[in-house]
Amino acid sequence: MSRATHTVFNQSTPLADVNLFSGNRALADALHFHDAGFNSARLAALGAEMGSAVMQQHARLANAFPPQLKSHDRFGRRIDQVEFHPSYHVLMSAALRHGLHGTPWSAGAGAHVERAAAFLLFTECEPSVLCPVSMSYAVTPALRANMAIHSDWFPGLASRSYDERFLPFDRKNGLTMGMGMTEKQGGSDVRANTTRAEFDGDDAWGRRYRVTGHKWFLSAPMCDAFLILAQTSGGLSCLFLPRILPDGTVNALAIQRLKHKLGNHANASSEVEFEAASAWLVGDEGRGVAQILAMGAITRLDCALGTAGLMRHALSLALHHARQREAFGKRLVEQPLMKNVLADLAIESEAATALALRLARAVDRCEAGQDASGHEAAMRRLLTPIAKFWICKRGSHFAQEAMECLGGNGYVEEQGEGVMARIYREMPLNSIWEGAGNIMALDLLRTLRDPAAGAALEHELEPARQAHPAFDRRRDLVLRAVGGITEEVEARRLARDLALLLQATLLRQHSSDAVFAAFCASRFDTADVFGLLPAGVGLDAILERA
Ligand SMILES: Cc1cc2nc3c(=O)[nH]c(=O)nc-3n(C[C@H](O)[C@H](O)[C@H](O)COP(=O)(O)OP(=O)(O)OC[C@H]3O[C@@H](n4cnc5c(N)ncnc54)[C@H](O)[C@@H]3O)c2cc1C
């Protein structure tokens, strides 16, 4: 017997089996600009895989069935292991197979830019498994300060094989690493760390310590090792702490519990305690913060890239829906006010991609030794807090507006099938971890004390000069102020203003005239609600590009 009471119509279809790379003109243009020799076949293969219905299903399952802590075995012995859904391992395998972790450090110029694009594309499928992947990428610059450990571990950190087994490092086909800084009494101000490290002798990995204390956040506790901060007799220091010691015994790291989080469900984030755990010094005693920030600076790049990827994903879902759904006699994408909202989101998404990739290029050129003028080093230092601050801050607002484009369906999750809700829950995280907004803005103020910073910014903004009156007005104001701003209370405003100017300059160089003009016409006076683009800015051209 038929139970149909009505026909279902005017509902959009799932956005599946699409190539995330070939549909992303903004990303391709930014890549051509920064790294003309990039391997487009590699990115197209990744784009097809991560846009497939199969991988989308793995992303859903990995989030719907979050990791479980197995603190003890059934006989009461501690095991401190985390069990993941099989889909988590499929996603991790894909991320490492595509070289999103340590591979760029031993490749030539352009490798970090290409990896940045790959990271962005992967995020569109599943962002939370990228936490350990990102940390495994970021650890190399810091780990180089202990070459004995670096030479033993780097091949595993750059291996394209994912090995989920809990085994000593030299018996594994691939390795991952995490970091432990945050304690209960302080995360931004890590000088408050109370975890202690007592000197315990020298061996093949250098100065060894016994570490006792805790970490309030330690993501991806199934990583093979962590860089942590602890107080030695010489002050706060950076230490390498493996889960399994070189002699095969399990290190004294106890996982207390897993965090119950707003989003990021596929990733395990834990609270841990160390009880005389063995760890080795990386860098100098007392220089731990600077040492571990060599890792933190790279994870900040990934926060910016990750948010740009989430924005692109949310935009695609909004466009896909609006092209199918009709209201008041027209498809939503044809309604003037919806066009304005979608075009505005498209501009924001492209500006985020552009700024994040610009930072990746600065990292790339510095690491490839192609920075004779020192400009890229100055920009790397400036862009890290600017991009992390502004792109991540815009993320939640962006997700809310993209969700609204889907109406009520955007808010409904239906066991993970409504992806917009997952994006929305993920968005705030990139803004909080690896240095929250205020910390980024304060870091920018410190960076601007360098006399080279003002000149680097002026040079960087030159390509858009005299291209739009609103840009010129804001540029002149901000450049005049840059050297003089020392008040902390103004740091966020400065970070926003510089981000917008840098984004405009990049859009001028590798986006369309319509996108650049609309960005300049809307961003320098208001950057609050989306959909405020002035009449006559070429909405159709912007939407066509998106
Ligand atoms: C899911 C998740 C996973 C995480 N994983 C890890 C991990 O693997 N390893 C790790 O070490 N940490 C991890 N963290 C911790 C994260 O990095 C910290 O939460 C973050 O750095 C902020 O520290 P806090 O929580 O102690 O907040 P606080 O330091 O107390 O900061 C609270 C607020 O105060 C602001 N603030 C701080 N100082 C100032 C100031 N001087 N002026 C103005 N404002 C200020 C901050 O910007 C922030 O908004 C994780 C966090 C989350 C949510």
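Up top you'll find the structure we're talking about.
Residues numbered from 1 in each chain as written. Predicted model: local features only at pLDDT ≥ 70, side-chain atom pairs only at ≥ 80, totals over all residues. Heavy atoms only, no water.

Enquirer: Teacher, can you tell me more about the overall build of the protein here?
Expert: The secondary structure content of the protein amounts to 18 helices and 11 strands. In terms of overall dimensions, the protein is globule-like: its C-alpha atoms have a radius of gyration of 24 Å, near the 24 Å expected for 546 residues. In terms of overall dimensions, the protein has C-alpha extents of about 75 × 75 × 40 Å along its principal axes. Evaluated residue by residue, the protein yields a buried proportion of 57% over its 546 residues. Within the protein, counting contacts between residues at least 6 apart in sequence, those at least 24 apart form 73% of the total. Split by element, the accessible area of the protein, about 22100 Å² in all, is 52% carbon and sulfur. (Helix = DSSP H or I, 4+ residues; strand = E, 2+ residues; numbered from the N terminus. Rg over C-alpha atoms; globule rule 2.2 N^0.38 Å. Buried < 20%, exposed > 50% of the residue type's maximum accessible area, 1.4 Å probe, protein only. Contact = heavy atoms within 4.5 Å. Areas by Shrake-Rupley, 256 points an atom, 1.4 Å probe, with all protein chains shown as cover.)

Enquirer: What should I look at first to understand the packing of aromatic side chains in this one?
Expert: The geometry of an aromatic ring pair is captured by two quantities: the separation of the ring centres and the angle between the planes. Counted by the stated rule, this structure contains 14 aromatic pairs. On the basis of an interplanar angle of 80° and a centroid distance of 6.2 Å, the ring pair of Phe21 and Phe38 is categorised as edge-to-face. Of this pair, Phe21 sits in the segment before helix 1 (25–34) while Phe38 sits in the loop between helix 1 and helix 2 (40–50); the two residues are 17 residues apart in sequence, bridging distant segments of the chain. Looking at Phe21, the relative accessible area reads 8%, which means it is buried. For Phe38, a relative accessible area of 10% corresponds to the buried category. An angle of 85° between the planes, with centres 6.4 Å apart, marks the rings of Phe519 and Phe524 as edge-to-face. (Phe/Tyr/Trp six-rings, centres within 6.5 Å; stacked < 30°, edge-to-face > 60°.)

Enquirer: Got a minute to help me understand the side chain of Arg425 in this structure?
Expert: With respect to the helices and strands, the residue Arg425 is situated in helix 12 (residues 419–432). Judged by relative accessible area, which is 18%, Arg425 ranks as buried. Contacts of Arg425, omitting those with residues within four sequence positions, involve Leu262, Gly263, His265 and Glu413.

Enquirer: Please explain the site of the ligand as it appears in this structure.
Expert: Close to the ligand lie 20 residues; Met181, Thr182, Gly187, Ser188 and Ser219 are nearest. Here a nitrogen atom of the ligand and a backbone polar atom of Met179 are 2.9 Å apart. Between the ligand and Gly187, the relevant distance is 2.8 Å, taken from an oxygen atom to a main-chain nitrogen or oxygen of the residue. Contact with the protein chains covers 66% of the free accessible surface of the ligand, which is 970 Å². (Near = heavy atom within 4 Å. Polar contact = N/O pair within 3.5 Å; in protein donor to acceptor, adjacent residues only side chain to side chain.)

Enquirer: In this structure, what is going on with the pattern of salt bridges? I would like to understand it.
Expert: Side chains that differ in charge, positive against negative, can pair when their charged atoms come close. Enumeration according to the criterion identifies 39 salt bridges in this entry. Note that Arg144 is salt-bridged to Glu367, the shortest N-O span being 3.4 Å. Pair noted here: Arg144 is in the loop between helix 6 (130–143) and helix 7 (147–157) and Glu367 is in helix 9 (residues 336–367), with a separation of 223 residues, a long-range link. The exposure class assigned to Glu367 is partly exposed, which follows from its relative accessible area of 28%. Residues Arg465 and Glu462 are paired through a salt bridge, measuring 3.1 Å at the closest nitrogen-oxygen approach. (Salt bridge = Lys/Arg side-chain N within 4 Å of Asp/Glu carboxyl O.)

Enquirer: Help me understand the nonpolar core, please; the structure alone is not making it clear to me.
Expert: The biggest cluster of nonpolar side chains holds 173 residues, and the ones touching the most others in it are Phe122, Trp153, Leu227 and Phe240. Considering each element in turn, this core owes the most residues, 16 residues, to helix 9. Beyond its immediate sequence surroundings of up to four residues, Trp153 is in contact with Leu143, Phe169, Leu175, Met177, Trp205, Asp224, Ala225, Phe240 and Pro242. (Core = buried A, V, L, I, M, F, W, Y, C linked by side-chain atoms within 4.5 Å.)

Enquirer: Any chance you could explain the pairing of strand 6 (residues 225–232) here in plain terms?
Expert: Along a regular strand, successive side chains alternate from one face of the sheet to the other. Among the 8 residues that make up strand 6, 7 are buried, leaving the element largely enclosed by the rest of the structure. By the bridge criterion, 8 bridges tie strand 6 to strand 7 (residues 235–242) in an arrangement that is antiparallel. Its bridge partner lying in strand 7, Leu227 is registered against Phe240. (Pairing = 2+ DSSP bridges.)

Enquirer: What should I look at first to understand the pairing of strand 7 in this one?
Expert: Burial of strand 7 is extensive: 7 of the 8 residues sit out of reach of the surface. Count of turn residues in the strand 6/strand 7 antiparallel hairpin: 2 residues. Looking at chain direction, strand 7 and strand 9 (residues 269–282) are connected through 3 bridges and run antiparallel. Counterpart to Leu239 in the pairing with strand 9 is Leu281.

Enquirer: For this particular structure, what's the right way to read unusual backbone geometry?
Expert: Keep in mind that most residues, glycine aside, have a negative phi and that most peptide bonds are trans. The backbone of Asp17 shows a phi angle near 55°, a positive value even though the residue is not glycine. Mapped onto the secondary structure, Asp17 falls in the segment before helix 1. At Ala220, a position not held by glycine, the phi torsion is positive, near 55°. The topology assignment puts Ala220 in the loop between strand 5 (206–219) and strand 6.

Enquirer: Before we go on, may I ask you to explain the packing of helix 15 (residues 469–482) against helix 16 (residues 491–510) in this structure?
Expert: In helix packing, the relevant descriptors are the interaxial angle and the interaxial distance, both defined with respect to the helix axes. Close contact between helix 15 and helix 16 brings their axes to 10 Å; oriented N to C, the two are set at 135°. By the criterion of interaxial angle, the relationship of helix 15 to helix 16 is oblique. Crossing hand, helix 15 versus helix 16: left-handed. Counted together, Phe471, Arg474, Arg475, Val478 and Val482 of helix 15 and Leu494, Arg496, Asp497, Leu498, Leu501, Ala504 and Thr505 of helix 16 form the full contact between these two elements. Class assignment of the residues belonging to the contact of helix 15 with helix 16 gives a composition of 7 nonpolar, 1 polar and 4 charged. (Axes fitted to C-alpha atoms, helices over the stretch in contact; angles between N-to-C directions. Parallel < 35°, antiparallel > 145°, perpendicular 65-115°, else oblique. Left-handed = near helix turned anticlockwise from the far one by under 90°. Nonpolar A, V, L, I, M, F, W, Y, C, P; charged D, E, K, R; others polar.)

Enquirer: Could you clarify how one ought to interpret the environment of Leu157 in this entry?
Expert: Relative to the elements of secondary structure, Leu157 occurs in helix 7. On the basis of relative accessibility, which here comes to 1%, the residue Leu157 falls in the buried class. Not counting residues within four places of it along the chain, the set of residues in contact with Leu157 comprises His101, Gly102, Ser136, Val139, Leu143, Leu175, Thr176 and Met177.

Enquirer: Explain the side chain of Arg545 here, please?
Expert: Looking at the element boundaries, Arg545 is found in helix 18 (residues 539–545). A distance of 2.7 Å separates a polar atom in the side chain of Arg545 from a polar atom in the side chain of Glu350. In contact with Arg545, other than residues within four places in its own chain, are Arg25, Ala26, Asp29, Glu350, His510, Ser511, Ser512 and Val515.

Enquirer: In this structure, what is going on with the environment of Gln503? I would like to understand it.
Expert: Mapped onto the elements, Gln503 comes out in helix 16. Along the backbone, Gln503 and Leu15 are 488 residues apart, and their C-alpha atoms lie at a distance of 29 Å. When neighbours within four sequence positions are excluded, Gln503 is seen to be in contact with Ala351, Ala352, Leu355, Trp390, Ile391 and Phe519.

Enquirer: Hey, could you run me through the environment of Ala45 in this one?
Expert: Its location among the elements puts Ala45 in helix 2. Take Ala45: its relative accessible area is 42%, and that puts it in the partly exposed class. Each C-alpha atom, one on Ala45 and one on Thr447, is 39 Å from the other, the two residues being 402 residues apart in sequence.

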